[in-house]
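As a plain string of letters, each chain reads:
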Amino acid sequence: MIRWPKVGLFTFAAAFVSLIVKIRGPKAGLTVALVLVAAALIPAAQRRFAPRVDRLYQKRWGFPASLGAFFFACALLPIWIDVVEEELAVQIGLFALLALGLNVVVGFAGLLDLGYVAFWAIGAYTMGIFSGAGPLQFAHLSMWQIFPIALAMALITGFLLGAPTLRLRGDYLAIVTLGFGEIVRIVAENLSKVTNGSQGIVNIPSASIPNSSSFWRGIVSAFVHFENAWIHSWNALTPGAGRGTLPVPSARSLEFGVNPIPYYLLLLAVIMIMVIVIRRLNNSRVGRAWSAIREDEVAAEAMGVPTLKYKLWAFSIGASTACISGVILAARIQSIEPGTFDLITSIVILSAVVLGGLGNISGALIGGTAVTFLPELLRSLPPRLQDARFGIFGAVLVLMMIYRPQGIAPSRRRAAELEGGAAETHGPIGAGLPEELAAGGAE
Amino acid sequence: MPDCLTTQLPLRLVGGLTSGSIYALIALGYTLVYGVLQLINFAHSEVFMGGSLAGLLALEALTHHGAQTNAIFLFVALIPGMLAGGVVAIALERFAYRPLRRRGAARLSYLISAIGASLLLSNIVLLWRGRNFENFPATVAPVPILTLGNVQIYNRQIIIVVAMLIMTAGLDIFVRTSRAGKGIRAVAQDPETAGMMGVDINRVITVTFLLGGLLAGAAGVLYGMFFGVTRFDVGFIPGIKAFTAAVLGGIGNIRGALVGGLTLGVVENVGAGCCGNQWKDVIAFLVLVGVLMFRPTGLFGEGVGAKA
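Residues numbered from 1 in each chain as written. Chains lettered and ligands numbered in written order. Predicted model: local features only at pLDDT ≥ 70, side-chain atom pairs only at ≥ 80, totals over all residues. Heavy atoms only, no water.

A. Up close: the overall build of chain A. Scanning chain A from N- to C-terminus turns up 19 helices and zero strands. Here the contacts in chain A between residues at least 6 apart in sequence split such that 75% fall between residues at least 24 apart. Carbon together with sulfur atoms contributes 66% to the accessible area of chain A, which is approximately 18900 Å² in total. (Helix = DSSP H or I, 4+ residues; strand = E, 2+ residues; numbered from the N terminus. Contact = heavy atoms within 4.5 Å. Areas by Shrake-Rupley, 256 points an atom, 1.4 Å probe, with all protein chains shown as cover.)

In structure tokens:
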């Protein structure tokens, strides 16, 4: 039997490596491939060499090891890529974060949210308004100070939208959230005194590291040193110096400002924290409540699960994730306009989640990456075809639902459920990121 | 008393009834499909768009051959528009829903598949026809034929309202009296028992989608006649509004869709008069949220089967 999830992940990895090869030459491609293989081998090696009695050990270290390896590889990425791809890397980070959050709502709790982009907008506009760039100049806060405010905004709006609507049937919820997304966009377009209308907010201050913070300085200089050490050893190990050597990034500082790399690293850090938080939630009482709600809400309610409470949990976590992504977006691109936050964007994020596999954390990250890459891959096509590129997302959604509802890298529990067959619906409790991330979904 | 509730009110009422009639025609499709499958056909807005586009193409073909457009052409355009709506609706059912139904997929899968189908269809049209608004050849010249107080009622508005009333009545009679209508009501009440009694469920579902598609196609042509333009995403806003209308009247309930559509049209038009036109869509969404919060079964209850 062909193990499609592995094939899917393998294809994706191959495409990624070939992109690096095309951009930075074969050496960089080889290194990235090595890092990916190493990340993939860690849990496999553990399975192979750890004695059976040591499963507890494996369970404890498999996840942090592969998570660490994965993010280590991602953090090294800026060494090879140049400015154009750096922009793309930030974009990927933003969408991966969004997909991660929407995955909690749609994948874990089974609530179809078609207005998810509204929370992204709320995050971005919170940054725009509270940083003093908007018409209301009542505060001039930095991005770091705005994070908690944006989180509060997310929780408030998530609760305001969720509390009345989460009682409804799933399909009603979908259309109400769709309406909510449009309302937020229309309000941003028309409430000129607060949001500057359809022109949007411009000149949003970019993020900056507080001068006084020696902690941040320490992290940044450690990273620069690490990067330099890596590059020097790479150049030393490969003969024929001068040709094909990596540039030393000393000129490329890690100050925020207009430089994309710090945003990328910040996004990586946020994604890593969210992965850990969401994974732990999903493996806790909350996660079990979510799957109970998703599988049969009436039964869950009858068994004493406070469904509304846990649905609100999922909704709020999704909302806050999107808000954080929105704040970083606003700080990065420094100007926001209502047109960015339309329904299509919501559907693109949904496609990312569906593509990666509903209810699958690593799948969401893969999906977020894939949907951001797609327009880049279509760059060489005629403009008209590019214009209609969202049709591809539509086709992806339909085909995935018909042929592979569990996504390219499925979560075991979710796969059995979405197939609708009589398959075993309960994977082991520990089934989560490590195996799927590295080895392409456990079967 | 604000202006919008006094001097402007008659004008707003007439406008509301006109757009409400279009919402009602689309809402019937949502309601029929919901009655039978308990499924919201998210791609129904694309059925509307397909009908509108087919009407446009037919009219363009006719005017291309040198014909002078006149009112008769509206009825000529209605036929391909309705047929296209029906074909798109049946194709949707066949390709986006039936494979899932056969597998007994989760509810979420249907919704995602429908959203995907909607996006795919509108982008195919975008690819084919481009992004610009296309002018609908003028069929019925706007002539005021009735003056009530300070408001003039145009022939176009009367055509839309009358067409909607005729089609809704026809649908109501069809579902209540015909053999296929009996099948629809049977499947709506209890699909399993209906299947055991020899009702061909797949056929009933196809007929249901066909009926919804015919009406949405007609709505598309009427919309094109009234507003004079169409393009790939023309169905989006009317689609959501029609869904709101269907919920407002009680989804699954044919007469409810009629009343819901007219009510929503009037409410949003009067509201737009009070708050400004840019808030029109927001008002409609707030109506939807309000209805779902306080009376999720709609004004007339969810008449599945018996009342359908």
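B. Inspection of the packing of aromatic side chains at higher detail. Per the counting criterion, the structure on display carries 17 aromatic pairs over all chains. Aromatic side chains Trp 120 of chain A and Phe 341 of chain A sit 5.6 Å apart centroid to centroid with 85° between the ring planes, which places their arrangement in the edge-to-face category. Here Trp 120 of chain A, found in helix H5 (residues 117-130), pairs with Phe 341 of chain A, found in the loop between helix H13 (307-333) and helix H14 (343-356); they are 221 residues apart in sequence, far enough to count as distant. Note on accessibility: Trp 120 of chain A and Phe 341 of chain A belong to one class, buried. Here the aromatic rings of Tyr 97 of chain B and Phe 209 of chain B are separated by 5.7 Å at their centres, their planes lie at 45°, and the arrangement is tilted. Here Tyr 97 of chain B, found in helix H3 (residues 71-103), pairs with Phe 209 of chain B, found in helix H8 (residues 201-227); they are 112 residues apart in sequence, far enough to count as distant. Here Arg 389 of chain A stacks its cationic end above the ring of Phe 390 of chain A, 4.7 Å away from the centre of that ring. A cation over an aromatic ring shows up here: Arg 129 of chain B above the ring of Trp 128 of chain B, its NZ or CZ 5.3 Å from the ring centre. (Phe/Tyr/Trp six-rings, centres within 6.5 Å; stacked < 30°, edge-to-face > 60°. Buried < 20%, exposed > 50% of the residue type's maximum accessible area, 1.4 Å probe, protein only. Lys NZ or Arg CZ within 6 Å of the ring centre and 35° of its normal.)

C. Expanded view of the side chain of Ser 325 of chain A. Here Ser 325 of chain A shows up in helix H13. Setting aside chain neighbours within four positions, we find Ser 325 of chain A in contact with Leu 94, Leu 97, Leu 98 and Trp 120 of chain A.

D. Spatial organisation of the pairing of strand S3 (residues 151-154) of chain B. All names here are of chain B. Burial of S3 is one-sided: the residues Val 151 and Ile 153 facing one way are buried, the residues Gln 152 and Tyr 154 facing the other way are not. Of the strand pairs in this sheet, strand S2 (residues 144-148) and S3 are connected by four bridges, and their pairing is antiparallel. Note on S3: the bridge partner recorded for Leu 148 is Val 151. As consecutive antiparallel partners, S2 and S3 are separated by two residues, and within that stretch Gly 149 has a phi angle of approximately 65°, a positive value. (Pairing = 2+ DSSP bridges.)

E. Seen up close, the environment of Val 187 of chain A. Of note, Val 187 of chain A is situated in helix H7 (residues 170-190). Residue classification places Val 187 of chain A among the partly exposed residues on the basis of a relative accessible area of 26%. Residues contacting Val 187 of chain A, with those up to four places away along its chain left out, are Thr 195 of chain A together with Trp 279 of chain B.

F. The nonpolar core, seen in detail. Residues Trp 290 of chain A together with Phe 42 of chain B are the most contacted members of the largest nonpolar core, which totals 210 residues. Dropping the residues within four chain positions of it, Trp 290 of chain A is found in contact with Val 104, Phe 108, Ala 109, Leu 281, Asn 282, Tyr 310, Trp 313, Ala 314 and Ile 317 of chain A. (Core = buried A, V, L, I, M, F, W, Y, C linked by side-chain atoms within 4.5 Å.)

G. Quick look at the packing of helix H10 (residues 260-282) of chain A against H13 of chain A. All names here are of chain A. Viewed as axis vectors pointing N to C, H10 and H13 meet at an angle of 175°, and their least axial separation amounts to 11 Å. Considering their axes alone, H10 and H13 lie roughly antiparallel with respect to each other. Taken together, the residues of H13 that come into contact with H10 (itself represented by Pro 260, Tyr 263, Leu 266, Leu 267, Val 270, Met 274 and Leu 281) are Trp 313, Ile 317, Thr 321, Ile 324, Ile 328, Ala 331 and Arg 332. (Axes fitted to C-alpha atoms, helices over the stretch in contact; angles between N-to-C directions. Parallel < 35°, antiparallel > 145°, perpendicular 65-115°, else oblique.)

H. Spatial organisation of the pattern of salt bridges. Residue and element names in this part refer to chain A. All told, the structure shown has 15 salt bridges over all chains when counted by the stated rule. Ionic pairing is found between Glu 87 and Arg 332, a salt bridge with its closest N-O pair at 2.4 Å. Within this pair, whereas Glu 87 is found in helix H4 (residues 83-108), its partner Arg 332 is found in helix H13, the two being separated by 245 residues in sequence. Among the charged side chains, a network of salt bridges with common partners joins Glu 182, Arg 185 and Glu 189. (Salt bridge = Lys/Arg side-chain N within 4 Å of Asp/Glu carboxyl O.)

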